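# Descriptive structure summary
So you can see what is in the structure, the chains are spelled out below.
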Amino acid sequence: MRDKSGHFKKGNTEGFTTDRPKALKSLVGIRLTPEDKEALKNVPNWQERVRQYIQLLIKEDGE
């Protein structure tokens, strides 16, 4: 459901949904060079690959 200005109302049923077991709600920021940022954006599926690598780091080196 949208209001008259076209924005979604809270609790609507048309909003984004996910098929993940857990929703992605937390953000992590890192600093990169502008060149690295542009190169990363050109890597296919880079966000999911970074998430997988983070999970690997946690399993190997986390507590």
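Before reading further, recall that the structure is shown in the block above.
Residues numbered from 1 in each chain as written. Predicted model: local features only at pLDDT ≥ 70, side-chain atom pairs only at ≥ 80, totals over all residues. Heavy atoms only, no water.

## Observations regarding the overall build of the chain
- What the chain contains, in helices and strands, is two helices and zero strands.
- Since a compact globule built from 63 residues should have a radius of gyration of about 11 Å, the 17 Å found for the chain marks it as more spread out than a globular shape.
- Judged by the C-alpha coordinates and their principal axes, the chain covers about 45 × 30 × 20 Å.
- Put simply, the chain has 63 residues, and 0% of those count as buried.
- Accessible surface for the chain amounts to roughly 6700 Å². Of this, 54% is attributable to carbon and sulfur atoms.
- Computed over 13 positive and 10 negative side-chain charges, the separation of the two mean positions in the chain equals 10 Å. (Helix = DSSP H or I, 4+ residues; strand = E, 2+ residues; numbered from the N terminus. Rg over C-alpha atoms; globule rule 2.2 N^0.38 Å. Buried < 20%, exposed > 50% of the residue type's maximum accessible area, 1.4 Å probe, protein only. Areas by Shrake-Rupley, 256 points an atom, 1.4 Å probe, with all protein chains shown as cover. Lys, Arg positive; Asp, Glu negative; His and termini not counted. Charge placed at Lys NZ, Arg CZ, Asp CG, Glu CD.)

## Some details on unusual backbone geometry
- Backbone geometry places asparagine 45, a non-glycine residue, at a positive phi of 55 degrees.
- For asparagine 45, the location among the structural elements is in the loop between α1 (34–41) and α2 (46–61).

## A closer look at the pattern of salt bridges
- Evaluated as defined, the whole model comprises three salt bridges.
- Residues arginine 51 and glutamate 48 are paired through a salt bridge, measuring 3.0 Å at the closest nitrogen-oxygen approach. You can see arginine 51 and its partner glutamate 48 sitting in helix α2, three residues apart, about one turn around the helix.
- A relative accessible area of 32% means that arginine 51 is categorised as partly exposed. (Salt bridge = Lys/Arg side-chain N within 4 Å of Asp/Glu carboxyl O.)

## Some words on a nonpolar patch on the surface
- Residues Val28, Ile30 and Leu32 make up a contiguous nonpolar surface patch of roughly 340 Å² in combined accessible area.
- Relative to the helices and strands, isoleucine 30 resides in the segment before α1.
- Residue classification places isoleucine 30 among the exposed residues on the basis of a relative accessible area of 65%. (Patch = residues over 30% accessible without salt bridge, like charges linked within 9 Å, V, L, I, M, F, W, Y side chains within 5 Å.)

## Here we look at the environment of glycine 62
- Along the chain, the position of glycine 62 falls in the segment after α2.
- In this structure, the C-alpha to C-alpha distance between glycine 62 and valine 28, residues 34 residues apart in sequence, is 16 Å.

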